[in-house]
Amino acid sequence: MQAADAGSGNAFERFFKFKQWDTSLKRDTLAGLATFMVMAYIIFVNPSILGLGGAPEGLPFAAALTSTCLVAGVMTILMGLVTNRAYAIAPGMGLNAVVAFSLVLGQGLTMKEAMGLIVLEGVAILILVLTGFREAIFKAIPIELKKAIVVGIGFFILFIGLVDGGLINVNGGTPVGLVELGTVPMVPLAVTVFGLVATIIMLALRWRAAILLGIVSATVFAIIMNYAWGRDAGFLTGQAVFPSEVVAMPDFSLVGAFDMGAFAKLGVTAAVLWIFSLMLSDFFDTMGTLVGVGGQAGYLDKKGDLPQVNRPLLVDSLAAAAGGAVSASSATTYIESGAGVGAGGRTGWVAVVVGVLFLIAMFFSPIFGVVPGQATAAALVIVGYMMMATLTKAESEADHATSEPKAGINFGNLAFGLPAVLIITIMPLTYSITNGIGAGFIAYTLIRVVQGRAREVSWMLWIASIAFIIYFIFPWFQAQGWV
C-alpha cells in the first residue's frame with residue numbers, strides 16, 4: 001500500500017512539477033483557496049447583474065448562479081490541467097454588464113439572443129487562437145508596454161480593493177477621494193481596515209498564507225461586529241451572518257439556452273459589429289491578465305513573453321463560448337488569479353483547487369455568501385501592490401534585500417513612457433483593462449509614425465491599433481444611429 005501511495009505521489013509531482021516551481025501541494029492548495037475567496041463574489045454578483053434586478057428580461061437568480069459556478073469550475077480545472085499554471089476563469093465583469101444593459105435593455109434582445117452573440121464571440125476568438133493570430137499579437141508587443149500592462153493591472157486591482165472596501169468614493173459623478181467618515185456605514189469600513197492591517201502584519205511576518213488568513217480573519221471580525229450591531233451593521237443581505245441554510249441544489253435550466261435571433265432583430269451588420277466589440281474586449285482583457293499575473297508568478301521569459309501561451313489562450317477562448325452556451329456571459333481569465341500567486345501558488349493545481357471549489361459552491365452557495373466584499377478588499381489591495389512592484393527589479397536577483405532597484409520602464413523615452421502612463425492610469429480610472437491597453441497601443445503607434453520609425457511597429461500592432469480606434473468610436477456610431 002505504501003509503495004502504491006509513493007508511486008501515486010510521484011505521478012502527481014511529475015504532472016504538476018511542484019519542485020520545479022519551488023512550491024508544494026500544501027502551498028498551492030492554500031493559494032487556490034485564496035484565489036477562490038477573492039473570486040467568490042462573482043457567484044452572487046454575476047446572477048445579480050444578469051437578473052436585471054428581477055426584471056422580466058433578466059435571468060432567474062438560482063439558475064444563473066448554477067451556470068456561473070459551472071462554467072467557472074469546469075473551465076478553471078481545464079486551465080490547470082492543460083497549462084499547469086495558476087490561472088482561474090469565471091464570467092467576466094464588464095462583459096456581463098454589456099450583455100445585461102447594452103444588449104438586452106439597450107438593444108432589446110432577449111437573454112437567449114444576447115448569449116448567442118457571446119457564443120459567436122468565443123468561436124471567433126478560438127479561430128484566432130487556432131490560426132496563431134492571437135499569439136502573434138501577444139509576442140508583437142514591446143516588453144516596455146507589457147511591463148506597463150502588469151503595473152496597470154496591479155493599479156486596477158488595488159483601486160478595486162479600495163473602492164469595494166469603502167475607503168475611497170467614486171459614486172455619483174464626484175471626483176475620486178477618500179470616503180467621508182460619518183456618511184457611510186462604519187462597521188463595513190472597519191472590516192476593510194481590520195483586514196488590511198491584519199494582512200500587512202502577516203505579510204511583514206512572511207506568513208505564506210497571509211492573504212487567505214487575512215480574508216478569513218476579516219470575515220470572522222465582520223460576523224462578530226454584525227451580530228454586535230443587531231445584524232444591522234450595513235452589510236449586504238446574507239453577508240457576515242451565519243447562513244440559515246447550508247445546501248442549495250443547483251438549477252441547470254439555463255444550460256444551452258441561447259439562439260441566433262440577434263441577426264434578425266439587429267441586422268447582420270450591427271450584430272457583427274457587436275461581436276467584434278465583445279471579442280476585442282475579451283481578447284485584450286485576457287492578454288493583459290496573462291501578462292500581469294504571469295509576470296508576478298515568474299512565468300514570463302526575458303522578452304516578457306509567456307512560453308506556450310497558446311495553451312491558456314485556447315482554454316480562455318473555449319471558456320468564452322462556454323459561458324454563452326450556459327447563459328453565464330463570456331467567461332475569461334481573472335485578474336484575481338494574482339491572489340493565489342501572491343500567496344505563493346505557481347502550478348496548475350491552484351487552478352484545479354479553484355475549479356473544484358466553484359463546483360462545490362453550486363451546492364453550498366449560502367456558506368460562500370457569508371464573506372463580505374470588505375473582507376476580500378484587503379487581498380485585492382495587497383495583490384495590486386505586488387503586481388505594481390514588478391515595475392522595479394533588483395540589480396542582483398540573488399539579493400533583493402540589499403541591491404538597489406532600477407526602473408523596468410524608461411519613462412524618459414516618449415515612445416514607451418507616454419503609452420505606459422496611459423495604460424497604467426486609464427485601466428483603473430475607466431474600470432477597463434481593454435481601454436488602457438487600447439490607449440497605449442494607439443499612442444505608441446502614433447509616436448513611432450511621427451518619429452519616422454513606423455517600421456519598428458509590428459504589423460500586428462498596426463492591426464490592433466486600428467481595431468482599437470474602431471472600438472473607441474463604435475459607441476459614437478451607435479449614438480448617431482448608423483449601426
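Above this text you will find the structure in question.
Cut-offs used in this document
Residues numbered from 1 in each chain as written. Predicted model: local features only at pLDDT ≥ 70, side-chain atom pairs only at ≥ 80, totals over all residues. Heavy atoms only, no water. Phe/Tyr/Trp six-rings, centres within 6.5 Å; stacked < 30°, edge-to-face > 60°. Helix = DSSP H or I, 4+ residues; strand = E, 2+ residues; numbered from the N terminus. Buried < 20%, exposed > 50% of the residue type's maximum accessible area, 1.4 Å probe, protein only. Lys NZ or Arg CZ within 6 Å of the ring centre and 35° of its normal. Contact = heavy atoms within 4.5 Å. Axes fitted to C-alpha atoms, helices over the stretch in contact; angles between N-to-C directions. Parallel < 35°, antiparallel > 145°, perpendicular 65-115°, else oblique. Left-handed = near helix turned anticlockwise from the far one by under 90°. Core = buried A, V, L, I, M, F, W, Y, C linked by side-chain atoms within 4.5 Å.

Participant: So what exactly am I meant to see when it comes to the packing of aromatic side chains here?
Facilitator: The description of an aromatic ring pair rests on the distance of the ring centres and on the angle between the ring planes. Taken as a whole and judged by the stated rule, the model has 17 aromatic pairs. Between F468 and F472, the ring centres sit 6.3 Å apart and the planes meet at 25°, which makes this aromatic pair stacked. In this pair, F468 and F472 both sit in helix α20 (residues 459-479), four residues apart, roughly one turn of the helix. Note on F472: relative accessible area 34%, which makes it partly exposed. Three or more aromatic residues link up through ring pairs in this structure, and these residues are F12, F15, F16, F18 and W349. Note that R85 overlies the ring of Y299, its terminal NZ or CZ placed 5.5 Å from the centroid.

Participant: Would you mind going over the side chain of K146 with me for this structure?
Facilitator: Among the secondary structure elements, K146 is positioned in helix α8 (residues 143-164). Setting aside its immediate chain neighbours within four residues, K146 contacts F138, K139, I141, V291, K303, G304 and D305.

Participant: Mind showing me how you'd approach unusual backbone geometry here?
Facilitator: Leave glycine aside and you will find that most residues have negative phi; peptide bonds, for their part, are mostly trans. At D22, a position not held by glycine, the phi torsion is positive, near 55°. By the secondary structure assignment, D22 is in the loop between α1 (2-16) and α2 (25-39). A positive phi angle is found at S327, which is not glycine, with a value near 60°. Residue class for S327 comes out buried when judged on its relative accessible area of 2%.

Participant: Explanation requested: the packing of helix α3 (residues 42-50) against helix α4 (residues 61-83) in the structure shown.
Facilitator: The relative placement of two packed helices is expressed as an angle between their axes plus a distance between the axes. For the pair α3 and α4, the least separation of the axes is 8 Å and the interaxial angle reads 130°. On the basis of their axis angle, the class for α3 and α4 is oblique. Crossing of α3 over α4 shows right-handed handedness. Listed contacts from α4 to I42, I43, F44, N46, P47 and S48 of α3 are F61, A64, L65, T68 and C69.

Participant: Just checking my understanding: could you explain the nonpolar core for this structure?
Facilitator: One broad trend across soluble globular proteins is that nonpolar side chains are buried collectively. By size, the foremost hydrophobic cluster in this structure holds 99 residues, and its most contacted members are F36, F284, F358, I437 and F441. At 10 residues, α8 tops the list of elements feeding residues into this core. Beyond its immediate sequence surroundings of up to four residues, F284 is in contact with I137, I433, I437, F441, A464 and F468. In this structure, I49, L59, M111 and W274 belong to the second largest nonpolar core, which totals 27 residues.

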